[in-house]
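Listed below are the residues making up each chain.
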Amino acid sequence: MSNVPVFVGLDYHQDSIQVCVLNQQGDVLLNRSAGNDCQELGRLVAPLGVVQRVGIEACCGAADLGEELVEHLGWNVSLGHPAYIARMKSSPDKSDYSDGRLLADLTRVGYLPRVWLAPAKIRELRQLVNHRQRCVDHARSLKLQVGAILREQRVKIDKDRGSRWSKAWTASVRDNDLLSEQARWIVNDLLDDIIYSQGKIVAVQARLRQVTAADEVVARLMKQDGIGEVTAWVLRAFIGDFSRFKTAKQMSRYCGMSPCNASSGNKIADAGLIDGCNELLRMTVVQAAHRLIRTVQRWSRLAASLKARGNPRCVIVGAVGNRWLRNLHHAMKDDN
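Computed from a predicted structure; not experimentally measured.

Novice: Summarise the sheet that holds strand 3 (residues 28-35); cite the residues concerned and give the values.
Specialist: Strand order in the open sheet formed by six strands is 3-2-1-4-5-6, and the pairing between neighbours is mixed. Both edges of this open sheet fall to strand 3 and strand 6 (114-115), since each of them pairs with a single strand only. Against the sheet, helix 1 (residues 38-45) engages strand 1 (5-12), strand 2 (16-23), strand 3 and strand 4 (50-57), with an angle of about 155 degrees to strand 3.

Novice: Outline the pairing of strand 1, listing residues and values.
Specialist: A regular strand places its side chains so that they alternate between the two faces of the sheet. Within strand 1, seven of the eight residues are buried, leaving the element largely enclosed by the surrounding structure. Examined bridge by bridge, strand 1 and strand 4 share six bridges and lie parallel to one another. Residue pairing in the sheet places G9 in a bridge with G55 of strand 4. Where strand 1 lies against strand 2, seven bridges are found, and the strand directions are antiparallel. Across the sheet, residue V8 finds its bridge partner in strand 2, namely V21.

Novice: Quick one: what's the story with the side chain of S258, residue by residue and with numbers?
Specialist: By secondary structure assignment, the location of S258 is in the loop between helix 10 (248-254) and strand 7 (259-261). Owing to a relative accessible area of 5%, S258 belongs among the buried residues under this scheme. A polar contact of 3.4 Å, which involves the side chain of S258, links it to the backbone nitrogen of R253. Excluding residues within four positions of it along the chain, S258 makes contact with K249, S252, R253, G272, L273, I274 and N322.

Novice: Explain the layout of surface pockets to me, using residue names and the numbers behind them.
Specialist: For the largest pocket, the calculated volume is near 1,700 Å³. As for the largest pocket, its lining consists of 37 residues, of which H81, V115, W116, R126 and Y254 are closest to the centre. Of all the secondary structure elements, the ones that give two or more residues to the lining of the largest pocket are helix 2 (62-73), helix 3 (82-88), strand 6, helix 5 (120-152) and helix 10. Take the lining of the largest pocket: its biggest share by element is six residues, from helix 5. A class-by-class count of the residues in the lining of the largest pocket yields 21 nonpolar, seven polar and nine charged. Space inside the second largest pocket adds up to approximately 270 Å³. Surrounding the second largest pocket, 11 residues form its lining, G272, L273, C314, V315 and G318 being those nearest its centre. Elements supplying a minimum of two residues to the lining of the second largest pocket: strand 8 (270-273) and helix 13 (313-335). Of all the elements, helix 13 adds the most residues to the lining of the second largest pocket, at five residues.

Novice: Residue-level account of the pattern of salt bridges, with values.
Specialist: Going through the model one piece at a time under the given rule, you end up with 10 salt bridges. A salt bridge links D215 to K121; its shortest N-O distance comes to 3.8 Å. Of this pair, D215 sits in the loop between helix 7 (181-211) and helix 8 (216-222) while K121 sits in helix 5, and the two are 94 residues apart along the sequence. The closest approach of N and O atoms between R236 and D215, which form a salt bridge, is 2.9 Å. On the criterion of sequence distance, the pair formed by R236 in helix 9 (residues 229-238) and D215 in the loop between helix 7 and helix 8 is long-range, its members being 21 residues apart.

Novice: I'd like a description of the environment of A183, backed by residues and values.
Specialist: With respect to the element layout, A183 can be found in helix 7. You can call A183 buried: its relative accessible area is 8%. C-alpha of A183 to C-alpha of L150: the two residues are 33 residues apart in sequence and 8.7 Å apart in space. Setting aside residues up to four positions removed in sequence, A183 forms contacts with I149 and Q153.

Novice: Pulling in residues and values, what's your account of the state of the cysteines?
Specialist: Per the stated rule, a full pass over the model turns up zero disulfides. You can see C38 has no disulfide; the closest cysteine sulfur is in C59, sitting 16 Å from it. No disulfide involves C60; its sulfur sits 7.2 Å from the nearest other cysteine sulfur, which is in C59.

About the thresholds
Residues numbered from 1 in each chain as written. Predicted model: local features only at pLDDT ≥ 70, side-chain atom pairs only at ≥ 80, totals over all residues. Heavy atoms only, no water. Pairing = 2+ DSSP bridges. Helix = DSSP H or I, 4+ residues; strand = E, 2+ residues; numbered from the N terminus. Contact = heavy atoms within 4.5 Å. Axes fitted to C-alpha atoms, helices over the stretch in contact; angles between N-to-C directions. Buried < 20%, exposed > 50% of the residue type's maximum accessible area, 1.4 Å probe, protein only. Polar contact = N/O pair within 3.5 Å; in protein donor to acceptor, adjacent residues only side chain to side chain. 1 Å grid on protein atoms, 1.4 Å probe; cavity = no way out; pocket = protein on both sides within 12 Å on 5 of 7 lines; lining within 4 Å. Points joined across faces, edges and corners; volume = space filled by probe spheres on them. Nonpolar A, V, L, I, M, F, W, Y, C, P; charged D, E, K, R; others polar. Salt bridge = Lys/Arg side-chain N within 4 Å of Asp/Glu carboxyl O. Disulfide = S-S within 2.5 Å.

Keep in mind these numbers describe shape, not what the thing actually does.
Structure, rendered in structure tokens:
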């Protein structure tokens with residue numbers, strides 16, 4: 001085994017991994033395909049030198065491989081942001097060979113745009129949170145289909161039957177004589193699917209409560225204004241460790257609640273909120289901002305002040321969400 005410091009770039013695929021190894025001068029010592037196996041990667045790289053850093057483009061499965069490389073081989077592994085890496089490619093052509101070479105070179109010079117390598121516990125929590133959201137989205141889609149059929153058949157449910165999707169309202173929709181024969185069958189089938197989907201939502205929420213019962217971060221989040229269990233689960237899953245952000249501004253930007261700068265020359269302007277964030281995380285923060293404006297006096301005053309200055313509702317909600325996240329960052333870091 002050589003004592004030469006080397007830098008490794010791994011272009012991850014489900015069935016194989018392109019391995020590129022560079023020395024300190026940027027010379028290619030190895031660039032070939034290997035199996036998707038931690039020990040095989042170790043056997044390939046070990047004769048070439050001492051691994052200083054390893055770069056992997058973040059994708060599905062890359063985090064699990066990175067964690068194995070850290071635990072079993074003791075490598076210093078960093079995940080790279082795929083969008084920023086794509087912008088750095090100087091050639092329009094794409095191949096595993098060139099991708100591995102780029103990752104290794106960015107790792108060597110310290111320019112790899114790194115993202116957080118979340119531990120397995122957080123990644124599994126993300127899977128549960130995403131599964132719950134898929135169940136919620138499916139139930140919402142079924143309800144929209146029922147509403148579309150009622151509108152198409154020109155069926156109106158009396159207001160005395162209660163609010164929309166209450167038990168009384170749903171009972172009035174099922175087997176409604178004003179619906180045609182086929183429409184009635186479809187609506188009943190959709191209502192059965194909704195009941196099943198709601199049962200799945202209850203089950204996954206029970207699982208989330210079980211998984212996070214001993215999580216101290218979730219417990220601290222639940223003590224903050226405007227945070228219920230669903231909001232706490234989402235924040236814990238996608239933010240994970242609040243201390244990984246050096247500033248509150250960084251965390252707010254990660255959550256997609258910072259304004260996008262669209263300045264050019266003497267023109268200074270904002271272009272809404274930034275893109276490139278997790279949509280579920282931002283949606284959860286926006287919902288929390290609406291809730292805070294309604295229920296917490298501090299944020300109600302801020303919203304009223306912004307409204308008095310002529311700001312539209314969307315800007316007000318974005319500003320409240322941004323400010324609230326910054327306060328949350330300080331509160332959670334102080335508790336650590």
